[in-house]
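Okay, here's what each chain looks like letter by letter:
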Amino acid sequence: MQAEKSSKDSGEPPSARPYQGLKSFTSAGRGFWHDVAETDWNDWRWQLKHRITTVEQLQKYFPTLTPEELAGAQLSNSKLALGITPYFFNLIDPADENCPVRWQVIPRIEETSTASWEMSDPCGEDSHSPVPGLVHRYPDRVLFLVTDRCASYCRYCTRSRLVSNASGYDFHPEYDKQIAYIAAHPEIRDVLLSGGDPLLLSDEKLENLLSRLRAIPHVEFLRIGTRIPVFLPQRITPELCAMLKQFHPLFVSIHSNHPRELTTEVRDALARLADAGIPLGNQTVLLKHVNDDADVMKAHLQKLLMCRVRPYYIYQCDLIAGSAHLRASVRKGIEIMEKLRGHTTGYAVPTYVIDAPGGGGKVPVSPEYVLSRNADRVVIRNFEGKIFEYPEATDGTPLFKAPKKIEEPELV
Ligand code: SF4
């Protein structure tokens, strides 16, 4: 990917340059670990072993820690553990208090404030869990939680109650019981492995689990939800990809929030997955200080397509306890969607959803494009605000005469 050119060279208006800069691919670099052997740096187990997990390490590498961050880091291990891979740590700009990567993984004292509408289990997963570690909320699919560990911890995680086990949730998935439940329920055709991060399991353990699920005749479709390609691209080894491709149809949903996360290392890791025939989607959480800006979001979504990843969802941040400082408004989310649809490739436009508090499932939220509708016609507007009428088909009977005008538009 070419480096950014000067405005004189590129002929672009100055306002276009920062946007293009967001989409250029660069390496995360080696930073504080420049003298570590190449083989170690590229070894995912080395990266995990050398994660930043203590306040002392954070202060050592990060002298510009703010008082809010220091206080948050001191308390994090009783809520959601501090954990950042060296690779991902290098993406933080220590000179920028508003660095979008920093806001995602450095704890802050605001996490200890809980609004009355915030919850420890905002999606009601525990109340839809027939056996430990399995969530059966939708009719034909289940969420299979395989571990409580992640490569790094996102400060807004909707499963903060269980991931990292800092708050004593005592999560113990029981694969035998989870698999037995799926086998006994023929309506389950889709299994999503998540956690924690399933790609933290060893290749052998993951292969064993996927084999057992594939052996269930009514399981048509497997999915893995993971942030590993972004936090730890070293984990996406050729061996892992070769193992995963035995289990098609297998989709992988990654989780990336900002174009800066899509480095050359991540792009290469995603290419290895795509070359194994794995369809890739992305889930983004709308976050204040990170991606609550239409240009940033659009650059991110376009950059995902360049990595062969189809943007799938933008999530309104769940009402997880202690996340108010990161939660952007629904108004902002709709405004961003308005600036995407029609303004960029349809493949780059994900569905914006609110996971209904308490376990109502995902509800799509979008700008209003249907202005009115009756039995005869639909009045719509396009991305430019132009109004069009579309004659309604009536119970499959072709309509030959002009449809009646809508006297009083019914807003839907
Ligand atoms: S990777 Fe996923 S499960 Fe892990 S902390 Fe981040 S959002 Fe939560």
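Residues numbered from 1 in each chain as written. Predicted model: local features only at pLDDT ≥ 70, side-chain atom pairs only at ≥ 80, totals over all residues.

Chemist: What am I meant to see in the overall build of the chain here?
Modeler: Counting secondary structure elements, the chain contains 15 helices and 12 strands. The globule rule puts the C-alpha radius of gyration for 412 residues at 22 Å, and the 23 Å found for the chain is close to it. The C-alpha extent of the chain, read off along each of the three principal axes, is 75 × 65 × 45 Å. Within the chain, buried positions represent 38% of all 412 residues. Within the chain, residue pairs in contact and separated by at least 24 positions form 77% of the contacts whose partners lie at least 6 positions apart. (Helix = DSSP H or I, 4+ residues; strand = E, 2+ residues; numbered from the N terminus. Rg over C-alpha atoms; globule rule 2.2 N^0.38 Å. Buried ≥ 20, exposed ≤ 12 C-beta atoms within 10 Å, placed from the backbone. Contact = placed C-beta atoms within 7 Å.)

Chemist: What should I look at first to understand the sheet that holds strand 12 (residues 387-391) in this one?
Modeler: Backbone-to-backbone hydrogen bonds join strands into a sheet, with any given pair of strands oriented parallel or antiparallel. The sheet built from 3 strands is open, its strands ordered 10-11-12 with antiparallel pairing. Of all the strands in the sheet, the pair left with one neighbour each is strand 10 (370-373) and strand 12. Between one strand and the next, the sheet's axes are offset by a mean angle of 20°, whatever the strand orientation. Examined bridge by bridge, strand 10 and strand 11 (residues 377-381) share 3 bridges and lie antiparallel to one another. Opposite Arg373, over in strand 11, you have Val378 as the bridge partner. (Pairing = 2+ DSSP bridges. Axes fitted to C-alpha atoms, helices over the stretch in contact; angles between N-to-C directions.)

Chemist: I tried to follow the site of the ligand on my own but got confused; where do I start?
Modeler: Around the ligand sit Cys150, Tyr153, Cys154, Cys157, Arg159, Val163, Gly195, Gly196, Asp197, Arg227 and His255, and that is every residue in its neighbourhood. When its residues are assigned to classes, the shell around the ligand shows 5 nonpolar, 3 polar and 3 charged. (Near = placed C-beta within 6 Å. Nonpolar A, V, L, I, M, F, W, Y, C, P; charged D, E, K, R; others polar.)

Chemist: Looking at this structure, how should I read the sheet that holds strand 5 (residues 250-255)?
Modeler: Pairing within the open sheet is mixed, and its 9 strands lie in the order 1-2-3-4-5-6-7-8-9. In this open sheet, the two strands that pair with only one neighbour each are strand 1 (134-138) and strand 9 (361-364). Shown here is a sheet whose adjacent strand axes are inclined to one another by a mean of 30°, direction ignored. In terms of strand pairing, strand 1 meets strand 2 (residues 141-145) through 3 bridges, oriented antiparallel. Across the sheet, the residue bridging to Leu134 is Phe144, located in strand 2.

Chemist: Please clarify how the pairing of strand 12 should be interpreted in this entry.
Modeler: For a regular strand, side chains alternate in direction, first toward one face of the sheet and then toward the other. For strand 12, the tally of buried residues reaches only 0 of 5 residues, placing the bulk of the element at the surface. Bridge analysis of strand 11 against strand 12 gives 5 bridges, and the strand direction is antiparallel. Its bridge partner being in strand 12, Val379 is matched across the sheet by Glu389.

Chemist: Teacher, can you tell me more about the nonpolar core here?
Modeler: Looking at soluble globular proteins, one finds that nonpolar side chains tend to be buried together. Among the nonpolar cores identified, the biggest contains 87 residues, and Val142, Phe144, Tyr153, Val191, Leu287 and Cys317 are the most heavily contacted of them. The dominant element in this core, judged by the number of residues it contributes, is helix 14 (residues 294-306), at 5 residues. Counting residues domain by domain, this core receives three or more from each of domain 1 (24-107) and domain 2 (126-364). Setting aside its immediate chain neighbours within four residues, Val142 contacts Leu134, Val135, His136, Ile182, Ile188 and Val191. (Core = buried A, V, L, I, M, F, W, Y, C linked by C-beta atoms within 7 Å. Domains from an automatic or database assignment.)

Chemist: Explain the confidence of the model for the chain here, please?
Modeler: Do not read the predicted coordinates in detail wherever pLDDT is low. Mean pLDDT over the chain works out to 91, with 91% of the residues at or above the 70 mark. In the model, residues 1-16 has pLDDT below 50 throughout and makes 12 contacts with residues more than four positions away in sequence or in other chains. (pLDDT = per-residue confidence, 0-100.)

Chemist: Can you help me understand unusual backbone geometry in this one?
Modeler: The phi angle of most residues is negative, glycine excepted, and most peptide bonds adopt the trans form. Following Gly195, the chain continues to Gly196 via a peptide bond in cis, the omega torsion being 15°. With respect to the helices, strands and loops of the structure, Gly196 is situated in the loop between strand 3 (190-194) and helix 10 (203-214). Put simply, His248 and Pro249 share a cis peptide bond, and its omega is 0°. Here Pro249 is to be found in the loop between helix 12 (238-244) and strand 5. Of note in the backbone geometry, Ser164 takes a positive phi value of approximately 75° without being a glycine.

Chemist: Sorry, what's going on with helix 6 (residues 67-75) here?
Modeler: Owing to its 3.6 residues per turn, the α-helix aligns residues three or four sequence positions apart on the same side. All of the buried residues in helix 6 are Glu69, Gly72 and Ala73. The buried residues of helix 6 occupy an angular sector of 100° when projected down its axis, which confines them to one face. Where helix 6 is buried, its residues meet helix 5 (55-61). (Arc of directions from axis to C-beta.)

Chemist: Would you mind going over the domain arrangement of the chain with me for this structure?
Modeler: Note on interface size: it is often stated as the accessible area lost on association of the parts. In terms of domain boundaries, the chain breaks down into domain 1 (24-107), domain 2 (126-364) and domain 3 (368-412). Computed from C-alpha coordinates alone, the two centres of domain 2 and domain 3 are separated by 38 Å.

Chemist: How do you make sense of the environment of Val219 when you look at a structure like this?
Modeler: Structurally, the position occupied by Val219 is in the loop between helix 10 and strand 4 (221-226). For Val219, a count of 20 C-beta atoms within 10 Å gives the class buried. Considered as a pair, Val219 and Arg189 are 30 residues apart in the sequence and their alpha carbons are 4.3 Å apart. Excluding residues that lie within four positions of it along the chain, Val219 makes contacts with Ile182, Ile188, Arg189, Val191, Leu213 and Arg214.

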